[in-house]
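# Descriptive analysis of the structure
These are the residues of each chain, in order.
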Amino acid sequence: MTGIGAETGSQSARARALAVLRVRSRALAVALLPAAAAVILLAGGSTGQFVGEGWDIARWVAGVLAVLVLAAAGVIALVIARARPAVTPTVAIPEESAPDLYRLVRDLADRLDVPAPSAIALTPDCDSWLEDRTHPAQGGPPPSGHADEIAGVGRAHRRGSAAPVLVIGSPFLWWMRVGELRAVLAPVVAGTGPSAHPDIAAARRFVRGLDAAVAVTATAGRDPVSRAVLAGIGSVARMLLRGCRVHAAEMERGVAAAAAERAQAVDYGLRIVAQEQVGLAYAGWDRLLTRVALPAWRMGRWPSRLDAGVVAALTELSRRDRLAEGFASRLGERPACDLLEEPGVIDEATSLLAARLFHGGPAEAGPDWSPVDWQEYPDEVVDRKWRTDAARLHRVLDALGVRRTGGPHSDAPTLDRVLSHLTEPAPAPTYGPLPDQRPDDSRSRTTTAADGATGSPPVTGSSPSSDSHTATDSPPLSDSPPPSDSQTPSDPQTPSDPQPVTDPPPVPDSPSTSDSPSAGDPHAAPDSPSTSDPQAAPDSPALTHSPSTTPADLAPPADEATPSHPPTNTPEAAPSQDPLSTQAPAPSQDPPSPQDPPPAQDLPPTQDPFPEEDLIPTTTARSTTLAERLSSELAREEAAQAAQAARAAQAATSAQAADARATASLPGADLWDDGTLPLFPLQPPRSPRELLADHVTAMVCCAAMDTAGAKPGLDWLDGPSLMVAGERSTDLTPKVLSLLEHGDPAPLRGWLTKTGIRPEKPVRLV
């Protein structure tokens, strides 16, 4: 059954390859059509069939058109044939540096009855594939005379005889065992069988040539004439690519299906287990690059043992996660990296290539781009990163004019300066005191002044539990509005026709009823102040509620809550005859509170009372300003570093221009453009909020190291970490975010006190 499936996949791939080649044949036929017409006209004139002035003009037009079309077709064919196809950046593995690995691949090819790959290369990625590198510009393995392979344009090259190159992801060699690697490579190596078919190889070369031609025509920095010519070539190449796109995709699916069917006979059970390791290795590799390697690359250092770090990261994952406990038992078997003679050298080469691909670093180590070992990572990367960020934070604070904290070290940078600046001052109270708050003399004077301004009788006594409700919530007991913090002359809910202001009655030096309980509240304490009003009813709701009474309980029933003043939009409404209702109520029966949104009718038609932006984490005004300045400062630093790197790259390019032709034909030559680096950026630019959080966290870590004896550490899954008393600190981020988003330093200061960090002490910066 397996052989039948493999044969079916191969036949499907060959049929699709022929369809791709038919597109090429049609394009050639269209290019030769004007020449064929010109030949027919010339032959007809020589035989006396097509004679006359009209036929002579037709022969001249057809001849000129044929020459132009043939010239254009020749230029397009030359560009497609000579354009260098894209090649994956890899680290070449010579056979003498990995004889056991080559032996394993050849034995696997023999078991699958397919040609063995021509070479092996490693890439810093969790994937494996076959890559055709037989193009002359790529320095593929020639049959003979490789020094002169691209010397002559007219020399014919038979590129279909060489097998493709096997590209293996470097994390697989360090994490997988030998048997698992053989099981993973089985379907990949099996693909060399269909790839050796002449039709499939020719179709692949044609598609790769079209793709390379499109890339050539898209190159910028050319003169107008060249751009016009290349634009026409690019349009033709794109049209041909659209014509064979579907067939090429189906051809590759057929090749993959045939290879998978053929590989089922080799280690099928082990291949299922190995596929689980592929996903685990991918997760560990991504975590290692984004959390551990990226901070080092930003500091100008590149870890020289990334592949070994994958093993450490996945081992740590298996220790933390019980779902991965079974994977740790595999570590006792022989790792696949033992198939290399010098795994450390290969690991360093792939680590440098990963830094170039994902960050865009230089091709060689230098003073500003040096390798770092894992043992030196905490001191060389973590400590330096934190102190650099802390220094940048204080430079921005100096630019903003933030004064330094006082003390014997007033000029030194301290954590207390950052906390004091980011702390949001407490807002002034807008509403009345809490129910359990006893008013003092100043409150009584303020209330008296407010009473005089509004024309209401002064508050001379009330129950401690009902003071705030009497001033704000209870219905008025006189002919004038009561004093209220929620209704002032500037409040938008003040009625449009307020009562005339009158002089308040004289206030006695001491309350006359302060020593007796209130007449309307039998539960009032004898020594508590109460409200005295000759018009107050014995069963007034303002004098009979308890501390647990809500404002809704104090509101009159719906049928009794009739406003005494007509609304502004209903002038025909009659005034109420209720003597207790002398004030127009609010639109709702519940009084407004600081947390309530404004009424919907007061908003513009396009304004949303609950915008979606409120769901996004925001920062305080000070944090926002500081974050924006930090982002600008970091952008200037990165722009200066990019300009310096561009000058260095330009100098290196001019120095290498002399020997470019000599190195182009070598197998190890660079076949990709350094100007496009990084090819795969790991993360998008950080937001200003994330930058500020990182800088404040760095400042806290610097204070911890300088005042509490903490140490910088490396966590294989989370990157730089703070080690306090030998334990990794994991609860710092929420406290920093509380400071930035709410301006509340209490959680962070409590953590500092618990850890023994002195924020007023100076810290050492870079």
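The model shown is predicted, which means the values in this text are computed figures rather than measured ones.

### Looking at the overall build of the protein chain
Secondary structure summary: the protein chain contains 22 helices and nine strands in total. With 766 residues in all, the protein chain has 37% of them scored as buried. The long-range fraction of contacts in the protein chain, counting pairs at least 24 apart against all pairs at least 6 apart in sequence, stands at 77%. Entry remark: accessible area of the protein chain is about 41,200 Å², with carbon and sulfur atoms responsible for 57%.

### Here we look at the packing of helix α7 (residues 198–217) against helix α8 (residues 224–263)
The N-to-C vectors of α7 and α8 enclose an angle of 145°; their axes lie 8 Å apart at closest approach. As for the relative orientation of α7 and α8, their crossing is left-handed in sense. Contact residues: α7 offers Ile200, Ala203, Arg204, Phe206, Val207, Leu210, Asp211, Ala213, Val214, Val216 and Thr217, while α8 offers Leu230, Ile233, Gly234, Ala237, Arg238, Leu240, Leu241, Cys244, Ala248, Met251, Glu252 and Val255. Its residues assigned to classes, the contact of α7 with α8 comprises 17 nonpolar, two polar and four charged.

### A word on the nonpolar core
One finds Leu181, Val189, Trp297 and Leu306 to be the most contacted residues of the largest nonpolar core, which totals 102 residues. Tallying contributions element by element places helix α9 (residues 268–298) first for this core, with 12 residues. If sequence neighbours within four positions are ignored, Leu181 has contacts with Leu101, Ile168, Phe172, Leu173, Met176, Ala336 and Leu339. Within the second largest apolar cluster, 24 residues are counted, among which are Ala13, Leu21, Leu230 and Met251.

### A few points about the sheet that holds strand β8 (residues 719–724)
Read across the sheet, three strands follow the order β7-β8-β9 without closing on themselves; strand pairing throughout is antiparallel. Every interior strand has two partners, whereas the edge strands, β7 (711–715) and β9 (727–728), have only one. Taken together, the two bridges between β8 and β9 define a ladder with antiparallel strand orientation. Each residue of the ladder has a partner; that of Met723, found in β9, is Arg728.

### A few points about helix α22 (residues 746–755)
For α22, the set of buried residues is Leu748, Trp751 and Leu752. Across the axial projection of α22, the buried residues extend over an arc of 100°, all falling on one side. Turned more than 90 degrees away from the buried face of α22, the exposed residues are Thr753 and Lys754. In this structure, the buried residues of α22 make contact with α14 (415–422), α20 (688–707), β8 and α21 (733–742). Gly756 sits one or two positions beyond α22 and adopts a positive phi of about 85°.

### Observations concerning the pattern of salt bridges
Tallied over the full model, the rule gives 26 salt bridges. Between Glu380 and Arg301 there is a salt bridge whose closest N-O contact spans 3.1 Å. Residue Glu380 is found in helix α13 (residues 377–400), and its partner Arg301 is found in strand β5 (residues 301–303); the two are separated by 79 residues along the sequence. The class of Glu380 is partly exposed, set by a relative accessible area of 34%. Using a relative accessible area of 11% as the deciding quantity, one classes Arg301 as buried.

### So, the packing of aromatic side chains
For the structure on display, the rule yields three aromatic pairs. Aromatic side chains Phe50 and Trp55 sit 4.4 Å apart centroid to centroid with 20° between the ring planes, which places their arrangement in the stacked category. For Phe50, a relative accessible area of 25% puts it in the partly exposed group. On the basis of relative accessibility, which here comes to 37%, the residue Trp55 falls in the partly exposed class. With 4.9 Å between their ring centres and 75° between their planes, Trp374 and Trp716 make a pair best called edge-to-face. Here the residue Trp374 occupies a position in the loop between β6 (370–372) and α13, and Trp716 occupies one in the loop between β7 and β8, the gap between them amounting to 342 residues. What makes Trp374 buried here is its relative accessible area of 12%. Chaining the aromatic ring pairs together yields one cluster made of Trp374, Tyr377 and Trp716.

### Let's talk about the packing of α13 against α20
It is the contact of α13 with α20, at a shortest axis distance of 8 Å, that shows an interaxial angle of 115°. In terms of axis orientation, α13 runs roughly perpendicular to α20. Crossing hand, α13 versus α20: left-handed. Contact residues: α13 offers Asp383, Trp386, Arg387, Asp389, Ala390, Arg392, Leu393 and His394, while α20 offers Leu692, His695, Val696, Ala698, Met699, Cys701, Cys702, Met705 and Asp706. Counted by class, the contact of α13 with α20 contains 10 nonpolar, two polar and five charged residues.

### Concerning helix α2 (residues 53–82)
Helical geometry note: an α-helix holds 3.6 residues per turn, so side chains three or four residues apart project in the same direction. With 30 residues, α2 extends 43 Å from end C-alpha to end C-alpha; this agrees with the ideal 44 Å at 1.5 Å per step. If you check which residues of α2 are buried, you get Arg59, Ala62, Ala66, Ile76, Val79 and Ile80.

### Observations regarding unusual backbone geometry
In this structure, Asp113 takes a positive phi of about 60° despite not being glycine. With respect to the helices, strands and loops of the structure, Asp113 is situated in the loop between α3 (99–112) and β2 (119–123). Although it is not a glycine, Ala725 sits at a positive phi angle of roughly 55°. Relative to the elements of secondary structure, Ala725 occurs in the loop between β8 and β9. Overall, Ala725 belongs to the exposed group, its relative accessible area being 81%.

### Things to note about a nonpolar patch on the surface
Nonpolar side chains collect at one region of the surface, where Leu28, Leu32 and Leu70 lie side by side and expose about 270 Å² of accessible area between them. Here Leu70 shows up in helix α2.

### A closer look at the pairing of β7
Inspection of the sheet shows β7 paired to β8 by five bridges, in the antiparallel sense. When the sheet's bridge partners are listed, Leu714 is paired in β8 with Pro720. Counting the residues between successive antiparallel strands, the hairpin from β7 to β8 contains three residues.

### Remarks on the sheet that holds strand β1 (residues 91–93)
Here we have four strands laid out as an open sheet, ordered β1-β2-β4-β3, and mixed in their pairing. Whereas interior strands pair on both sides, the edge strands pair on one side only; in this sheet they are β1 and β3 (128–131). Between one strand axis and the next, the sheet turns by 30° as a mean value, whatever way the strands run. Summarising the sheet, β3 and strand β4 (residues 165–169) pair through four bridges and their orientation is antiparallel. Bridge pairing in β4 links Glu131 to Val165. Along the sheet, helix α5 (residues 178–189) contacts β3 and β4; its crossing angle with β4, the most-contacted strand, is approximately 140°. Together, β1 and β2 form the strand contacts of helix α12 (residues 343–358), whose direction differs from that of β1 by roughly 155°.

### Some points on the side chain of Ser195
Looking at the element boundaries, Ser195 is found in helix α6 (residues 192–195). Within the local environment of Ser195, its side chain forms a polar contact with the side chain of Arg204, the two groups lying 2.7 Å apart. Sequence-distant contacts of Ser195, that is, excluding residues within four places in its chain, are made with Ala201 and Arg204.

### Concerning the side chain of Asp383
Within the secondary structure layout, Asp383 lies in helix α13. Residue Asp383 is classed as buried on the basis of its relative accessible area, which comes to 15%. Once residues within four sequence positions are removed from consideration, Asp383 is found in contact with Pro378, Met705, Pro712 and Arg764.

Conventions and cut-offs
- Residues numbered from 1 in each chain as written.
- Predicted model: local features only at pLDDT ≥ 70, side-chain atom pairs only at ≥ 80, totals over all residues.
- Heavy atoms only, no water.
- Helix = DSSP H or I, 4+ residues; strand = E, 2+ residues; numbered from the N terminus.
- Buried < 20%, exposed > 50% of the residue type's maximum accessible area, 1.4 Å probe, protein only.
- Contact = heavy atoms within 4.5 Å.
- Areas by Shrake-Rupley, 256 points an atom, 1.4 Å probe, with all protein chains shown as cover.
- Axes fitted to C-alpha atoms, helices over the stretch in contact; angles between N-to-C directions.
- Left-handed = near helix turned anticlockwise from the far one by under 90°.
- Nonpolar A, V, L, I, M, F, W, Y, C, P; charged D, E, K, R; others polar.
- Core = buried A, V, L, I, M, F, W, Y, C linked by side-chain atoms within 4.5 Å.
- Pairing = 2+ DSSP bridges.
- Arc of directions from axis to C-beta.
- Salt bridge = Lys/Arg side-chain N within 4 Å of Asp/Glu carboxyl O.
- Phe/Tyr/Trp six-rings, centres within 6.5 Å; stacked < 30°, edge-to-face > 60°.
- Parallel < 35°, antiparallel > 145°, perpendicular 65-115°, else oblique.
- Expected span 1.5 Å × (residues − 1).
- Patch = residues over 30% accessible without salt bridge, like charges linked within 9 Å, V, L, I, M, F, W, Y side chains within 5 Å.
- Polar contact = N/O pair within 3.5 Å; in protein donor to acceptor, adjacent residues only side chain to side chain.

On their own, these measurements won't tell you what the molecule is for.
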